[in-house]
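Tertiary structure, described
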Amino acid sequence: MPTSTLFLSDSSLVTTVSPAPSLIGHSFFSHSHPPTRQQYSKWTVSLTSSHPSPPSTQSDIITIVDATTADGQPHPDPVHVLYATLSWYFHLPPPSPPPGTRPGAPRLEWVVQIDRTGLFSREESLAAAEQAGLITLFDGVPGDSLVPRAVRRAFWQISYPFMKLPSPLLYVTSLGVRHPIRPRPARKLYRRHVPSVGAILSFRLARLDDAPTVNSWMNNPRVAAFWGEEGDIAKTERFLQEGLEKRHSFPVIGCWEDVVLRDGKIVESGTEEPFGYFEVYWVKEDALARHCDAGDWERGIHVLVGEERFRGEKRLRGWLGGLVHYCFLDDPRTMTVTLEPRVDNEKFIRYLMSEGFSKEKEFAFPHKQAALMRLHREAWEGPAA
């Protein structure tokens, strides 16, 4: 039976042994922490489906049983077991349309039913999973109980297990613009395993000691053609300092950390390699707001990939989806993520459109002709797996 591994954002590891070639049947899960060699728990997942080769969009049912801690006690946190299970399930290859599907046929939402036996036979466990946002209760057949289902699109919008709360709603006026007070960003912003590239993606707040790395990127002719920030190290230090002092925007460093086989075990390499510089900003207070109807919580992104070996479609889909994921997780009131690339950056615009962004219009900044690219939360299906 094939084995798969998935690191969660806290560096713990979910290992799954599943049947093949079809996933129908029993899969065996274990949850551990490789850095400390600690075993946390194990459980069994039974996947049934009317489709011969799941995952399918609408017919899969997951039953979770035998969830125990390392010392054999009943697992105290069914919600975390479900979260880890759904992390595995929604990293599977997306369901393909059935053979013979006509062009333009309606595309069904990817959902999976959670069986109300086993781990979720108790109403308290089901209610906790619903409160965490992992499941939604849908109407069943008349006279039957509500049916718990997990929706892929919704799964990627929840901040479990950290459950970050939005900041209080207080308004101020800056430079004639009334907007909510913006909290300072955390130092560590985001971390996620991207199995398709075999690496951990992370974003953190930039620091002044990043100046040598960012300076080398800014002096790359490919980057300089779009950013215009080439120059000596002192210029880059001022650039970073100014970015860190802004209230509506902050500079971000993106890193990749390889997942490797060491002493027969799958582990994180422990070496985070910076690959790009990004800026995340609130559109309402930005110059972009003069060219669009910006919402109070609309986020904007500027992007720069400096390391050549981390370019390419797979990596781009990984970090682009990760940035959007961060924006939607950071504040649930954010309904739209916006970019304004130069109109001649046609390849990047095509990538944005493949991720769900739409081109609303072109407009003129003093320094460039830009394309207004927007992605609405409702249209986002989740980051690349």
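As a reminder, the structure under discussion sits directly above these lines.
Since the structure is predicted, the reported quantities are computational estimates derived from the model, not experimental observations.

A look at helix H6 (residues 233-245)
The terminal C-alpha atoms of H6, which comprises 13 residues, lie 18 Å apart, in line with the 18 Å expected from a rise of 1.5 Å per residue. Turning to H6, its buried residues are Thr236, Phe239, Leu240 and Gly243. The buried residues of H6 all sit within an arc of 95° when viewed along its axis, so they share a single face. Packing partners of the buried residues in H6 comprise helix H4 (211-218), helix H5 (221-227), strand E13 (249-262) and strand E15 (273-282).

A short note on the nonpolar core
Generally speaking, nonpolar side chains in soluble globular proteins are found buried as a group. Phe203 and Trp319 are the most contacted members of the largest nonpolar core, which has 72 residues in total. In terms of residue count, helix H7 (residues 313-330) provides more of this core than any other element does, nine residues in total. Apart from the residues within four sequence positions on either side, Phe203 is in contact with Lys188, Leu189, Tyr190, Val252, Ile253, Gly254, Phe275, Phe278, Trp319, Gly322 and Leu323. Counting twelve residues, the second largest nonpolar core, distinct from the first, contains Trp217, Phe239, Ile253 and Tyr277.

Describing the packing of aromatic side chains
Here the distance between the centres and the angle between the planes together describe a pair of aromatic rings. Evaluated as defined, the whole model comprises 22 aromatic pairs. A ring pair is formed by Phe328 and Trp380, whose centres lie 5.5 Å apart and whose planes are at 50°; its orientation type is tilted. Residue Phe328 is found in helix H7, and its partner Trp380 is found in the segment after strand E19 (369-376); the two are separated by 52 residues along the sequence. Comparing Phe328 with Trp380, the two get one shared label, buried. Ring geometry for Phe363 versus Phe365: centroids 5.0 Å apart, planes at 80°, classification edge-to-face. Here the two residues Phe363 and Phe365 agree in accessibility, since each one is buried. Arg315 extends its terminal NZ or CZ atom over the ring of Trp256, reaching a point 4.8 Å from the ring centre.

Quick notes on the pattern of salt bridges
Following the criterion strictly, the structure yields 23 salt bridges and no others. The salt bridge partner of Arg191 is Glu257, with a shortest N-O separation of 3.2 Å. Residue Arg191 is located in strand E11 (residues 188-194), and its partner Glu257 is located in strand E13; the two are separated by 66 residues in the primary sequence. On the accessibility criterion, Glu257 (4% relative accessible area) is buried. With a closest N to O distance of 3.0 Å, Glu268 and Arg191 form a salt bridge.

Notes on the packing of H7 against helix H8 (residues 346-354)
Between H7 and H8, whose axes approach to 11 Å, the crossing angle comes to 60°. It follows from the interaxial angle that H7 and H8 lie oblique. In this structure, the crossing between H7 and H8 has a hand that is right-handed. Between H7, through Glu313, Leu316, Arg317, Trp319 and Leu320, and H8, the contact on the second element is made entirely by Phe348, Tyr351, Leu352 and Ser354.

Digging into the environment of Val197
Turning to its location among the elements, Val197 is positioned in the loop between E11 and strand E12 (199-205). Judged by relative accessible area, Val197 falls into the buried class, the value being 16%. Separated by 61 residues in the primary sequence, Val197 and Thr136 have C-alpha atoms spaced 31 Å apart. Setting aside anything within four residues of it in sequence, one finds Val197 in contact with Trp256, Lys314 and Arg315.

Description of the sheet that holds strand E7 (residues 136-138)
Taken in spatial order, the eight strands line up as E1-E2-E3-E4-E5-E6-E8-E7 in an open sheet, and their pairing is mixed. Looking at which strands have only one partner, the edges of the open sheet turn out to be strand E1 (3-7) and E7. Taking the axes of each pair of neighbouring strands and ignoring which way they run, one obtains an average angle of 30° across the sheet. In this sheet, strand E8 (residues 147-151) lies alongside strand E6 (residues 111-114) in antiparallel orientation, the contact comprising three bridges. Bridge pairing links Gln113 to Arg149 in E8. Set on the sheet, helix H1 (residues 78-89) makes contact with E1, strand E2 (13-17), strand E3 (25-33), strand E4 (38-49), strand E5 (60-69), E6 and E8; between it and E5 the angle comes to about 130°.

What counts and how
- Residues numbered from 1 in each chain as written.
- Predicted model: local features only at pLDDT ≥ 70, side-chain atom pairs only at ≥ 80, totals over all residues.
- Heavy atoms only, no water.
- Helix = DSSP H or I, 4+ residues; strand = E, 2+ residues; numbered from the N terminus.
- Expected span 1.5 Å × (residues − 1).
- Buried < 20%, exposed > 50% of the residue type's maximum accessible area, 1.4 Å probe, protein only.
- Arc of directions from axis to C-beta.
- Contact = heavy atoms within 4.5 Å.
- Core = buried A, V, L, I, M, F, W, Y, C linked by side-chain atoms within 4.5 Å.
- Phe/Tyr/Trp six-rings, centres within 6.5 Å; stacked < 30°, edge-to-face > 60°.
- Lys NZ or Arg CZ within 6 Å of the ring centre and 35° of its normal.
- Salt bridge = Lys/Arg side-chain N within 4 Å of Asp/Glu carboxyl O.
- Axes fitted to C-alpha atoms, helices over the stretch in contact; angles between N-to-C directions.
- Parallel < 35°, antiparallel > 145°, perpendicular 65-115°, else oblique.
- Left-handed = near helix turned anticlockwise from the far one by under 90°.
- Pairing = 2+ DSSP bridges.

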